[in-house]
There are 8 protein chains.
Amino acid sequence: MNRPQLTALLDAIRRGELSVEDGLAKLRGLPFEDIGFAMVDHHRPLLSGAGEVIYASGKTADEVVAIAERIAAESQDVLVTRCTPELGARLAAAVPGFVYHARAHIAVRAPTPRAPSLEGTVLVVSAGTADQPVAEEAALCAEFFGCAVERLTDVGVSGLHRLLAHRERLWSAAVIIVVAGMEGALPSVVGGLVARPVIAVPTSVGYGVAANGQAALHGMLTSCAAGVVVVNIDNGFGAAAAAARMLRRPS
Amino acid sequence: MNRPQLTALLDAIRRGELSVEDGLAKLRGLPFEDIGFAMVDHHRPLLSGAGEVIYASGKTADEVVAIAERIAAESQDVLVTRCTPELGARLAAAVPGFVYHARAHIAVRAPTPRAPSLEGTVLVVSAGTADQPVAEEAALCAEFFGCAVERLTDVGVSGLHRLLAHRERLWSAAVIIVVAGMEGALPSVVGGLVARPVIAVPTSVGYGVAANGQAALHGMLTSCAAGVVVVNIDNGFGAAAAAARMLRRPS
Amino acid sequence: MNRPQLTALLDAIRRGELSVEDGLAKLRGLPFEDIGFAMVDHHRPLLSGAGEVIYASGKTADEVVAIAERIAAESQDVLVTRCTPELGARLAAAVPGFVYHARAHIAVRAPTPRAPSLEGTVLVVSAGTADQPVAEEAALCAEFFGCAVERLTDVGVSGLHRLLAHRERLWSAAVIIVVAGMEGALPSVVGGLVARPVIAVPTSVGYGVAANGQAALHGMLTSCAAGVVVVNIDNGFGAAAAAARMLRRPS
Amino acid sequence: MNRPQLTALLDAIRRGELSVEDGLAKLRGLPFEDIGFAMVDHHRPLLSGAGEVIYASGKTADEVVAIAERIAAESQDVLVTRCTPELGARLAAAVPGFVYHARAHIAVRAPTPRAPSLEGTVLVVSAGTADQPVAEEAALCAEFFGCAVERLTDVGVSGLHRLLAHRERLWSAAVIIVVAGMEGALPSVVGGLVARPVIAVPTSVGYGVAANGQAALHGMLTSCAAGVVVVNIDNGFGAAAAAARMLRRPS
Amino acid sequence: MNRPQLTALLDAIRRGELSVEDGLAKLRGLPFEDIGFAMVDHHRPLLSGAGEVIYASGKTADEVVAIAERIAAESQDVLVTRCTPELGARLAAAVPGFVYHARAHIAVRAPTPRAPSLEGTVLVVSAGTADQPVAEEAALCAEFFGCAVERLTDVGVSGLHRLLAHRERLWSAAVIIVVAGMEGALPSVVGGLVARPVIAVPTSVGYGVAANGQAALHGMLTSCAAGVVVVNIDNGFGAAAAAARMLRRPS
Amino acid sequence: MNRPQLTALLDAIRRGELSVEDGLAKLRGLPFEDIGFAMVDHHRPLLSGAGEVIYASGKTADEVVAIAERIAAESQDVLVTRCTPELGARLAAAVPGFVYHARAHIAVRAPTPRAPSLEGTVLVVSAGTADQPVAEEAALCAEFFGCAVERLTDVGVSGLHRLLAHRERLWSAAVIIVVAGMEGALPSVVGGLVARPVIAVPTSVGYGVAANGQAALHGMLTSCAAGVVVVNIDNGFGAAAAAARMLRRPS
Amino acid sequence: MNRPQLTALLDAIRRGELSVEDGLAKLRGLPFEDIGFAMVDHHRPLLSGAGEVIYASGKTADEVVAIAERIAAESQDVLVTRCTPELGARLAAAVPGFVYHARAHIAVRAPTPRAPSLEGTVLVVSAGTADQPVAEEAALCAEFFGCAVERLTDVGVSGLHRLLAHRERLWSAAVIIVVAGMEGALPSVVGGLVARPVIAVPTSVGYGVAANGQAALHGMLTSCAAGVVVVNIDNGFGAAAAAARMLRRPS
Amino acid sequence: MNRPQLTALLDAIRRGELSVEDGLAKLRGLPFEDIGFAMVDHHRPLLSGAGEVIYASGKTADEVVAIAERIAAESQDVLVTRCTPELGARLAAAVPGFVYHARAHIAVRAPTPRAPSLEGTVLVVSAGTADQPVAEEAALCAEFFGCAVERLTDVGVSGLHRLLAHRERLWSAAVIIVVAGMEGALPSVVGGLVARPVIAVPTSVGYGVAANGQAALHGMLTSCAAGVVVVNIDNGFGAAAAAARMLRRPS
């Protein structure tokens, strides 16, 4: 309910066309539903640009397929994360247009190719081959959110020259997502090389005290490079959403 | 060594003005010093805009004062974080122009007032009174880095109406820094309300399982609001540096 | 053995109808069996109203079936928690009247429908679809304990408007069980909206630092909403038992 | 703004005593302030019955005194928790009527004596002498919230007979708050003896793996007595607030 | 090499039957092999009374069978712990006389029945049905080590009367092994009831913060009953070995 | 109340010397007080032999002195653990006969010298000089409990020869208490050398991952020497109480 | 690009055979590729002596085989760690010369036998049979890196005589790798016996608080034997690489 | 007792100058004392070259001074680590020749200057100013152990060019000790640049999840640079002892 509607309501009361009781009943639900609509205006574009996202983990396959079908019926794009191959196959069978990306555990239904809707390139940098699933999740999600995406792989800090050889690409990116497991040192190095936002994504790659990504996470949070920000372990999706927030123009 | 200098060097060799051996000697040190200069170009503005930052913790007072004096001698602005009142007093005595901010544990030497050098407002939102030292560190550092800063305090999630009453300010900010201790739920709520970047700063406020900020940190990293990014516990400085990275125009 | 029975026993001794030896024998077991009986009077209704509860985890299927058969032979209601589909099928085959609830991992044998024996409604609120198994365990157990139960699902804090739209239901509940994984922020928000008991149930939903529910647990324990109480991770059963304790009239 | 006030406002518009523009201006702030007032209706009695609570930790003494003075000026009761002796002395000097309870670290300003406003007794049971500060915080806060409070001390599980000697008092309580450090086993025993709510408060008493209350907390959360609920370590205030929620009649 | 052997060696040197060089050679290895023999005198009875123990976890089935066959060839008794059903079957097939205990994951080859070689009864008390595998490991191992063993099951602290009904058995035991998961409170209660040694064994039974036995372990280590000693989680074998150490007469 | 006393009571009722009402009054308190008395019979000698123990930590000095005075008034021995020098001085001033042991933080009031009341020697072995406070607490408490005590110091595992030089003393002890910080490896070595009980006491000595005794505790719990038992970090008192349990003859 | 190549380039410019522009283009990439080559000079021999290492974990089988084929095509030796039996079989089928070591989970392709290229023996000492996989990984990797390797197995600290019997072998080794799980005490004992480097490798052998190697890791890091160094849990490969670094002659 | 002494003893028996009984008595103590002497031969040079080390933490000042005086009386060099300024002053007053190093918390008594006794330079690299105390402890201890030491400071990974500018010094060192707090990434970078041993020392510098050095420790243990070895947090002494082990020639 916006200002004109509210003015009309009060006018009706003043004119005696609406009783105080009925006015009270209409106003009773106002605050929250209004917030609801307001929030929808801001909420939708935040996560999907032109589509919806389903986090498949913990949902049954039936539930995911049903939600996806409903969204597709509204002709919206849809992205399914943490999607198993079996679920990917079911989605492809049930809803025309789904493509499954096995390495990233992502199923996506969107027009291909499509031009980025946001300005500036997101560069996804990853430390090792084992970090690829998370890096690819970040890259595909960022594309879904409307970003132009580039990838730079296998540039861990113990082989510094491989990273430094690509400094031009680092410097030209608008946002850099750095994906690394083990000791998670790569964001510190990248953060020291560039002036733009660096989003660090720890991965659960490693063993022993790597502790499913805890060592990388803590390394990234205590980075000596000022202003590196961090998301949850293996959360490539979250990094992509953050990058999209950064590239989105102020409302 | 930049491109023109390198061209000159090669020209000198071609012309025979410089022997191959001498050219070799000059080139030998090139790569790293060059990286060094290149990085300075990018590094300086990243952290300070027009100044330097000293992290005082773990340094002796003598060391901090000496560094600050050297920077001041170069007429640069300087910011000292994690600065005790005693150190603040020593700095004020030793270097003209230092102002100490007791709540934020920050000493700063910079022209006052100064116009923001970056476009867009950074809104620093904090959950409770006890979170003020960290929130204020974030706000003062962001100002030092050239941001326009606004503050919104005491809007914890158990009194939702206080936060919702300020939704317009949330929507008009370019970047929001959310500072919260205890369960750290505020960034999830804010992240659901806005489409722009949300930087969550857990504080060590709380007791028991709050565990010096661990509960807040973990709450923020597992936020159900997509794209919330996180910095280390009590790291208001880092959040400000991250905000500045986001507002800085692509190079 | 209550006071009248004890008086009768001593009277019988005084009248010589009971020998000191036999009196001694009867008294020997008194303290503890009496405690036992006293406790049964309090214990039984606490957990089951009109039935028994079997926690299946760690018991062999044979053990669970045998216990269930013995209880059923006494015509008592019986609830089996943490019940696998295989065990559910075995129970249904062995004991007439068992119904298996797959999502909640619960098998229950009780008259259907039955009127609540306790006054006041228990509202089970859950944050996401993946929290349903725990929320449903809480709901079904609360019904077994004699509570009237309502459900409110998918109202996480990043979409506040969905929760606020149901404030009437929150305000009319006698006890609210809030089930949430990830950062577990929902109980703080609910606790700030209502004046009645809020029982928070962290779930193991999430990954990375969600740490199988640790982040949610810690978030709930450090809730800024005063008086929120917490049970173990995924312990829907315990929340239901606590709700029943709260609705039971003082003895 | 409550229902009668809103009705009056609409009536004034209907009668032409208030223009639509002015009504709009008053309603503009309504939704959130209304939520605020609505929540106050629910919120105030929740925490204080007839007063306000200030959590002193992390606030400066000046801030606490200023807030307390403002509340006292409104003739409201006020409770200050985590209050140091120094702060207690300052409050007593600044605001007439404050009493400082050293063991509980609480300063309270309220009429003495006052009859309980809630029905049913809260029994605060504590395991050892060292748990007294937390137990006393729970007891004093519960009294502030309007509960009738009894205390039962020094009844740890290694001397079971001391606890069992008081079973009648356990059975007659409406809510039992059990305060224990070390292994935190007391709530399991009490929970097995009574059918009413048991709120467990772990304390930071102990050393080594007691880990500032972690062992007690985990022991209480994994209690084999169904339906025991838990609050944060040393959170006597929270337990009292939870007890008040349970004794408050449904709205 | 024992004292008689050493005397004989020195005698042989004195008589000239052994050269100094050859004596030196024999003595060279003496210290350590002698320690070995000395330790065997103390070591063997410690662990097995009249047999050997094989910890199967981490060994291949082939390795376990080969070791067992070698011991059996020496006509010694042998106990295999952490033995899978498959390994138990292979042992039974390969070595006559092996009996597999499925619940305790133990395979044992020893004369049946055999009289206890140590004086005093070991009472194995367990809290719940799910603790049986560990309790039974403790009981069977204690029997293998020569102890008379009794069992007392399903006497958790939330049903205190069940435990207290057996106080006579508690008081007549020479050593009590208490096996419990969840909050691990049982040893505190038992330790308060008896004056003899209480060995607490935490089990990995439970979920959430039970954390695979961590809560029980910490509860037992912080027991308010003085002098309760603890072994590793699920270490029924270690508790049995400790009990045997306690019942063994001083050397 | 024991069996003869109970028989006498019933006889008095039968003979008419005691009314049923008076008998009832006496029996009313019986069960629990009887448990109490029964437990006292077992409990007292368990912890003190001929005295009482006060754990001073968390108690105010006034409380400790008052308790000590009351016990002294009953002519009982008394031991105060975790006793600061200040408290020790106050005790010595208030109660004649107190001796303060600064290194062990123990104040004791008992006849000196006194012959051990338990058979068999307790050997307290410690790894380093920094472990002395805990080792001395164990030794003094064991003496208070009636044990003959010997000490063996500075025999860490990195200088094995120092330990092995004392093997005779190890072999002649009835119970060995092994006190060690850092990696806590000493109990494994001692446990492999002797057949009698080994009680391991981890100390908070060390830094970094020593983590206030966690590393030592975990090392001791995972000892490869079978049957080593463990108490809480720095719990010399508990180890002494356990040793006394082991040396006490079966009831 | 090495020094001769750089000299040639500058010579070509000087002689006019190469334009300044073309020289500039070649030099543009120089710094980093040069670093690369420089590092290769140091890097290669470090890890492999005469070959490459592939860490198979987290890579798909296709990726590992492809990399191995490419290296083999260059006639280089190759070592694959964390190699499953299935992957080992595929490698053996795809690339002639691969040998799979099942216990160590290693596949290696190298001439057999080959003389050690480094001076001094690496002695791999392990505590128990279950530590063999990690010990064997260390041994095989050290051989691949050019070390002469000896093995000493089953010498845990609870049977000290077995270790001491081999003191000569300990004293003659140039570097000792000590592999142990459980409490990880062995490196402390070995470190006290020898003056040469001791590299401790914790293994994930054990249960309960062994916590997948955490107890052993912490025990080793807090070793009372000065100068023991540690690698990650189960990281036999890292220990071998460290040993090779130590035996490699200074550059 | 060494070989010549043992030969003499056996000769005396053979010659009848020593009875078998007396020989037995002398041999009885042999093995362990002999081990002791053997170990001294190896032990001393390991830790001190020509001196003794006292770890002051946990020892009283009186104890440290007494030990230092005894060693000085034997004209030996002595090093005191974790030495407070007060203790340093007392040592300087009590024992001529002591020098106190305030930043490193070390007191040392040794001839100055003295030539290194070991071949090869130890380079101590540190990341930040706050790491200096630990770096300086490592440097001074290494010098005490006979190493030539160089220092390289303030070369953290976020300013890579500062480190790379010193690559020659990195390449010429025999052993590199890398000291770093925060995320501890420096050893990974250094380890990728050099082929010689890299000893990583995590420091407790940092806050929040830096967790007193845990993040740095875990980062170093999971380093992607193969063969980096690690010591305990803040253990500069241990790193120096390890470096000395590596430079010591094989025995």
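Structural data are supplied above this passage.
Residues numbered from 1 in each chain as written. Chains lettered and ligands numbered in written order. Predicted model: local features only at pLDDT ≥ 70, side-chain atom pairs only at ≥ 80, totals over all residues. Heavy atoms only, no water.

(A) View of the overall build of chain A. Along chain A, the regular secondary structure elements total eleven helices and nine strands. Of the contacts formed within chain A by residues at least 6 apart in sequence, a portion of 66% connects residues at least 24 apart. Taken as a whole, chain A presents about 8,900 Å² of accessible surface, with 53% of it coming from carbon and sulfur. (Helix = DSSP H or I, 4+ residues; strand = E, 2+ residues; numbered from the N terminus. Contact = heavy atoms within 4.5 Å. Areas by Shrake-Rupley, 256 points an atom, 1.4 Å probe, with all protein chains shown as cover.)

(B) Spatial organisation of unusual backbone geometry. With phi around 50 degrees, A:M182 is a residue other than glycine that occupies positive phi space. Positive phi outside glycine occurs at D:H105, with the angle close to 55 degrees. Along the polypeptide, D:H105 turns up in the loop between β3 (99-101) and β4 (106-109).

(C) Looking closely at the interface of chain F and chain D. With 18 residues of chain F in contact, the opposing surface of chain D contributes 14 residues. Run the count over chain F and chain D and you get one salt bridge. For the pair chain F and chain D, the interface holds five residue pairs in polar contact (both at pLDDT 80 or more). Among the elements of the structure, α3 (30-48) and α10 (214-221) of chain F are those that each provide at least two residues to the side of chain F that touches chain D. Ranked by residue count, the leading element in the side of chain F that touches chain D is α3(F), at five residues. (Salt bridge = Lys/Arg side-chain N within 4 Å of Asp/Glu carboxyl O. Polar contact = N/O pair within 3.5 Å; in protein donor to acceptor, adjacent residues only side chain to side chain.)

(D) How the structure looks around the pattern of salt bridges. Counted by the stated rule, this structure contains 64 salt bridges over all chains. Among the salt bridges present, the one from F:R151 reaches F:E143, with a minimum N-O distance of 3.6 Å. What makes F:R151 partly exposed here is its relative accessible area of 32%. The residue F:E150 makes a salt bridge to F:R169 at a minimum N-O spacing of 3.4 Å. Remark: F:R169 occurs in helix α8 (residues 167-172) and F:E150 occurs in strand β6 (residues 148-152); sequence separation between them is 19 residues. Classification of F:E150 by relative accessible area gives partly exposed; the value is 35%. You can call F:R169 partly exposed: its relative accessible area is 28%. A single network of salt bridges, built from pairs that share partners, joins A:E136, A:E143 and A:R151. (Buried < 20%, exposed > 50% of the residue type's maximum accessible area, 1.4 Å probe, protein only.)

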